[in-house]
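Fold and geometry: a report
The primary structure of each chain is shown beneath.
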Amino acid sequence: MEYVIEMLNIRKVFGNFVANDNITLQLKKGEIHALLGENGAGKSTLMNVLFGLYQPDGGEIRVKGKKVNIANPNVANDLGIGMVHQHFMLVDTFTVTENIILGSEPTKGGQIDIEKAEKEVRELSERYGLAVDPKAKIADISVGMQQRVEILKTLYRGADILIFDEPTAVLTPQEIQELIQIMKALVREGKSIILITHKLKEIMEVCDRVTVIRRGKGIGTLNVSETNPNELASLMVGREVHFKTEKQPPKVGKPVLEIENLVVKDARGITAVDHLNLTVHAGEIVGIAGVDGNGQTELIEAITGLIKSESGSIRLNGKEIRNLTPRQITETGVGHIPQDRHKHGLVLDFPIGENMVLQTYYKEPYSKRGILNFKAIYDKARQLIQEFDVRTPDEYTKARALSGGNQQKAIIGREVDRDPDLLIAAQPTRGLDVGAIEFIHKRLIEQRDKGKAVLLVSFELDEIMNVSDRIAVIYEGKIVAIVDPKETTEQELGLLMAGSKRKEAGVSS
Amino acid sequence: MSENRLTNILVPVFAVILGIIAGAIVMIVSGYDPIAGYSALLYGAFGDRYYIGETIRQVTPYILAGLAVAFAFRTGLFNIGVEGQLIVGWLAAVWVGVAFELPKVIHLPLAIFAAAAAGALWGFIPGFLKARFRVHEVIVTIMMNYIALYVSNAVIRSVLSDQGFKSEKIHPSASLRSEFLQSLTDYSTLHYGIIISLIAAVVMWFLLEKTTTGYELRAVGFNQHASHYAGMNVNRNIILAMVISGAFAGIAGAMEGLGTFENVSVKAGFTGVGFDGIAVALLGGNNAFGIILAAVLFGALKVGALEMPSAADVPTELVDIVIALIIFFVASSYLIRLVLTRFKKEGK
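Computed from a prediction, not measured in an experiment: that's the story for all the values here.

1. What to know about the overall build of chain A
- Of regular secondary structure, chain A possesses 17 helices and 24 strands.
- In summary, chain A has a C-alpha radius of gyration of 25 Å against a globular reference of 23 Å for 509 residues, a match within 12%.
- Burial status across chain A gives 46% buried among its 509 residues.
- Excluding contacts between residues fewer than 6 apart, the proportion of contacts in chain A whose partners are at least 24 apart in sequence is 68%.

2. Quick look at the overall build of chain B
- Along its length, chain B carries 16 helices and zero strands.
- Against the compact-globule benchmark of 20 Å for 348 residues, chain B has a radius of gyration of 21 Å, which places it among compact chains.
- Each of the 348 residues in chain B was classed as buried or not, and the buried ones make up 52%.
- Put simply, of all contacts in chain B between residues at least 6 apart along the chain, 79% involve residues at least 24 apart.

3. Focus: the environment of A:Gly451
Residue and element names in this part refer to chain A.
- Inspection of the secondary structure puts glycine 451 in the loop between helix H15 (434-449) and strand S22 (453-458).
- According to the C-beta neighbour criterion, glycine 451 is partly exposed, with 17 such atoms within 10 Å.
- For glycine 451 and isoleucine 440, which are 11 residues apart along the polypeptide, the C-alpha to C-alpha distance reads 17 Å.
- Ignoring anything within four residues of it in the chain, the contact list for glycine 451 reads Gly253, Ala282 and Gly283.

4. Quick notes on the UniProt feature "domain: ABC transporter" (unreviewed entry) in chain A
- Annotation from UniProt places "domain: ABC transporter" (unreviewed entry) at residues 5-240 and 257-501 of chain A.
- Segment residues 5-240 of chain A splits into 34% helix and 29% strand. End C-alpha atoms: 32 Å apart.

5. Describing the sheet that holds strand S17 (residues 319-320) of chain A
Residue and element names in this part refer to chain A.
- Taken in spatial order, the four strands of this open sheet run S14-S13-S16-S17, and their pairing is antiparallel. Each edge of the sheet is formed by a strand with only one pairing partner; in this case those strands are strand S14 (271-281) and S17.
- Against the sheet, helix H9 (residues 296-303) touches strand S13 (255-265), S14 and strand S16 (311-316), its axis set at about 65 degrees to S14.

6. Some remarks on the confidence of the model for chain B
- Chain-level statistics for chain B give a pLDDT mean of 91 and a share of 97% at 70 or above.
- Predicted complex metrics record ipTM = 0.84 and pTM = 0.79.

7. So, the nonpolar core
- A:Val473, B:Leu67 and B:Ile251 are the most contacted members of the largest nonpolar core, which totals 250 residues.
- When near neighbours in sequence (up to four residues on either side) are disregarded, B:Leu67 contacts B:Ala200, B:Ala201, B:Met204, B:Phe248, B:Ala288 and B:Ile291.

8. A closer look at the interface of chain A and chain B
- Each partner contributes residues to the interface: chain A has 22 residues there, and chain B has 14 residues.
- Within the residue set of the side of chain A that touches chain B, elements represented by two or more residues are helix H10 (326-333), helix H11 (341-345) and strand S20 (371-372) of chain A.

9. A look at the packing of helix H12 (residues 273-283) of chain B against helix H15 (residues 317-331) of chain B
Residue and element names in this part refer to chain B.
- Running from N to C, H12 and H15 point in directions that differ by 45 degrees, and their axes come no closer than 10 Å. With respect to their mutual orientation, H12 and H15 come out oblique. As for the relative orientation of H12 and H15, their crossing is left-handed in sense. Contact with H12, carried on its side by Ala279, Leu282 and Leu283, involves Ile327, Val330 and Ala331 of H15 and no other residues of that element.
- Across the contact of H12 with H15, the residue classes break down as six nonpolar, no polar and no charged.

10. Notes on H15(A)
All names here are of chain A.
- The end-to-end C-alpha distance of H15, which contains 16 residues, comes to 22 Å, matching closely the 22 Å that a straight helix rising 1.5 Å per residue would cover.
- Along H15, the residues that are buried comprise Val434, Ala436, Ile437, Ile440, His441, Arg443, Leu444, Ile445, Gln447 and Arg448.
- Of the surrounding secondary structure, the elements contacted by the buried residues of H15 are helix H8 (229-237), strand S15 (285-289), helix H14 (404-417), strand S21 (422-426), S22 and helix H16 (461-467).
- Once H15 ends, the next one or two residues include glycine 451, with phi positive near 90 degrees.

11. Brief notes about the domain arrangement of chain A
All names here are of chain A.
- Splitting chain A by domain gives domain 1 (1-235), domain 2 (242-332 + 419-498) and domain 3 (338-418).
- For domain 1 and domain 2, the distance between their C-alpha centroids amounts to 35 Å.
- With eight residues of domain 1 at the contact, the number on the domain 2 side is 10 residues.
- Counted by class, the side of domain 1 that touches domain 2 contains four nonpolar, three polar and one charged residues.

12. Description of unusual backbone geometry
- Residue A:Glu364 is joined to A:Pro365 through a cis peptide bond whose omega torsion reads 5 degrees.
- Position of A:Pro365 relative to the elements: it lies in the loop between helix H12 (352-355) and strand S19 (367-368).
- Here A:Lys64, not a glycine, exhibits a phi torsion of approximately 50 degrees, which is positive.
- Structurally, A:Lys64 can be placed in the loop between strand S4 (58-63) and strand S5 (66-68).
- Here B:Glu262, not a glycine, exhibits a phi torsion of approximately 60 degrees, which is positive.
- Its place among the elements puts B:Glu262 in the loop between helix H11 (234-260) and H12.

Thresholds applied
- Residues numbered from 1 in each chain as written.
- Chains lettered and ligands numbered in written order.
- Predicted model: local features only at pLDDT ≥ 70, side-chain atom pairs only at ≥ 80, totals over all residues.
- Helix = DSSP H or I, 4+ residues; strand = E, 2+ residues; numbered from the N terminus.
- Rg over C-alpha atoms; globule rule 2.2 N^0.38 Å.
- Buried ≥ 20, exposed ≤ 12 C-beta atoms within 10 Å, placed from the backbone.
- Contact = placed C-beta atoms within 7 Å.
- UniProt positions renumbered as here; feature names shortened; annotations may be inferred.
- Pairing = 2+ DSSP bridges.
- Axes fitted to C-alpha atoms, helices over the stretch in contact; angles between N-to-C directions.
- pLDDT = per-residue confidence, 0-100.
- Core = buried A, V, L, I, M, F, W, Y, C linked by C-beta atoms within 7 Å.
- Parallel < 35°, antiparallel > 145°, perpendicular 65-115°, else oblique.
- Left-handed = near helix turned anticlockwise from the far one by under 90°.
- Nonpolar A, V, L, I, M, F, W, Y, C, P; charged D, E, K, R; others polar.
- Expected span 1.5 Å × (residues − 1).
- Domains from an automatic or database assignment.

Structure below.
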C-alpha cells in the first residue's frame, strides 16, 4: 500500500510534559483520514510537527516514501502539505484573489498580474466545486465562504495533502454538508486529507480511516466502515460514553418564562426578534433550534437585559422583567450560560476564584460593608471547583489559563449554584469534547429534574434533539414551530429551520 | 506563580540598570566623565540630610501622580490628564489656603479636600464624556490639560493677585510645612505631604484589592462585556475611576501648593509632574508599592541632577536623557523578558 505521509513513532516533549508519545499516523493516497482525540490530547501538536511549526524529539516523517526533515512551514509547502486553519488567516479588506496570492504573487513587469491570478483562482474554484467569487471582499462573504478561500489558498500553492483543523466548528449544518461535498470532490481529484476533529458523526459520514489519540498516546487506527461512534468515543475518552443522555419524562409545572410579542432590534437597527411568543415551564427543557443569525442571540440578550427590546412582554414567574437591568433580572432568578464565554462569561484576567462570584460579589458573605471577604469567596470557589470537576492547579489560577471545557464547567457551576428558576444555556457545549459535553448535558437535565425551567439554544441539532423536552424552531426572529423531539427527525427540523412551513398539524404558538 | 512575580520585579530593575549604562555611554560619547557624573547625582540625591529631604519632597507628588495614572489604568482607562488635574488641585488648595483663616485642624484638611475635589471634577468631565458619548478619554484629558493650565493662569492673575504673577502666600494654618521635618533635614523644603502620599498609596491598594468597589473597577478594566453581563454598571464605574484618579492627581497639586511652594504662580508651561506620573506608574507596574519605589527613583534622579552641573560639569539635560532611556527600556520590557527566559533556559 502506498502511503503519501508516514509519521512514525513521533515524540514531542514540552518541558516535563509529553504532548506526543510515539504516535504513528499513516495517510494513504486519496483517503480522508480522521485524527480523533479530546481537547488537549495532542492532535494539534502532531499536526504542527507535520506542518513544520514544531520539531519532533523522536521518530521520523516520510513523504511519499522518502524520509524528510520539515524544518519550517515553507518546507511543508514545498512538499505539498497545506493546512486549513481553524482560525482563518485572511485580510478582511482584501479580495479573495488578493488573499490567495498573498506571499506568492504572480507579477508582470514589476506589477501584480491580478487578472492572471483571478483566472487561476476561478479555474481552481470551478474544478473543485467551491463556487467562490474571486473578486469578492473577504469582509463581505460568509464564514463558510472564507473557509473555502483558505482551502483555495492551499490548492493554489500546489498542496496534495490537506490538513483540516476542526473545520466544522464555525459552520452551520448546511455549510457542513457543503464542506463534506467539497472534501469528497478534493479526494476524487487525487488529494489526500487529514481531518482533525472530535465530532464522531462527521468521521462516520466522510472519513475512510481514523487514528485515535488519547492523552498524547496513539491508541490505534481503524477503518471507519468497521467501527461505530460508541467504540470511537470510548477509545477517545478511555471509558464508556453515553450519547443518549438518560432522562426521566419531564414533570412539567407552571409557566416560568412567558414571552409575548417580543420585538428586538439588532445593533444595526434591523428587527432581529419579530413578535416572538414562547413559554418555558418549570421542570422542562425547551431547545431553540435554528440557523445562526435568526435572532437567537438577540432573544437571549433581551431576556437577560444585555440589550433593550422595542416592545412586547417578558415575564418571569408572572413578574414583568422586560428592559430591567441585568442585575435586576439576575436577582429575579435568571441564570445565564453565555454563548461567548470569553466575552461575557469570564473576566479572563481574574483568578478563577474571583470569577465564581461575578454576580454575587456584593452580597453577604462575599462582601460585608463594602469590604470583600476573600475567605468566603475562595471557600465557595473551592467547593464549586470540586463539585463541577473544574480542572485547575488551584483557585488562584487566572481563568485565562484554563482549557475551554474547564472554563465552561466553571461558568456552569457558578450559574447553577445560584439556583435560578430559569437557566438559559446558549451554545453550552461549543468547542468541547464528548466527555465535557456529557457532563454539561447531565447538569442541565439535573436542573430540570429539580423543577427549574431551562432554555437551551444550540446550533447542534444532536444536542437539541437529545436534551430538549420540547423544541422551538426559530426562523427570522419568530418561533415557527414547536415540536416534540421524540416525534421529529433531523430532516424535518432542518426544513423548518430553513423556513419551510410545517406540513403536519402541530402546536404552533 | 512566584517565578512570574520575580520576573515582574526583575524587569523594571534591569530596565533601570540598562538605562543607567546607556546614560553612561551617552556621557562618554559627549565627553563627560560618567563616574563623576553619577557620583554627583548620587550625592545630590542622598549625599547629606538636606539632599535627602529635598529628594523626599520631590518624591511626594510623584507618588500621587503615579497613583492617579495607575488607578485609571487598572480600570482600563488612560488618564493623560493627571497634569491638568494636578494644576487645578494646586490652584484650589492655594485658593482655600489664602481665602480663609481657620484653625489648622479644619483649614489644612479643607484645603486638601478642595484640591481633591477640583482634580475629581477635572477627571469627571472626561469620564462622563467617555461613559455617555464614548469620547476617547485620551483626547479629552489632553485638551483638559490646556484648559487647566490657562484657566489657572487667568485665575491667578485676575482673582488671586492684581494682575501679578503669583498668589499671596497661604496662611500658616493651611500649610504642610513642618519645622520639625525641616530641622531634621538641615532646613530643606521637606513637608508633611510625604505622609499623605504614603497614606494615599495604602488607600489605593486597599480600595482596589479589598473592597467591593475595587472588584467592580478591576472587572470593568479587564472586560466590560463580562462586567455588564454580571450586572455591574459599566458607565458608573468608568466615571468613578476617573473621579478617583483625578482626586489623587488633585492632592498631588495640593502637595506643591500647600507644602513645597505655599503659593501658586503663573506657569509658562506644564509642571511635568503629571506626565512623569505616567512613567512612574509604568515603572511601578501600576501597583501601589511599586509606584512608591519608582517615585523614589524618579525623585532622586530629578533632585540629584541639580548637583551634576556644578560638581561634574554634566548638564542636567543628561539626566532627562537617562530618565527617558529608563522609560524606553521599561516600555520594551518584552525584550528584557525574552533575555531573562533565555538565561533561565541556559541555566537549566
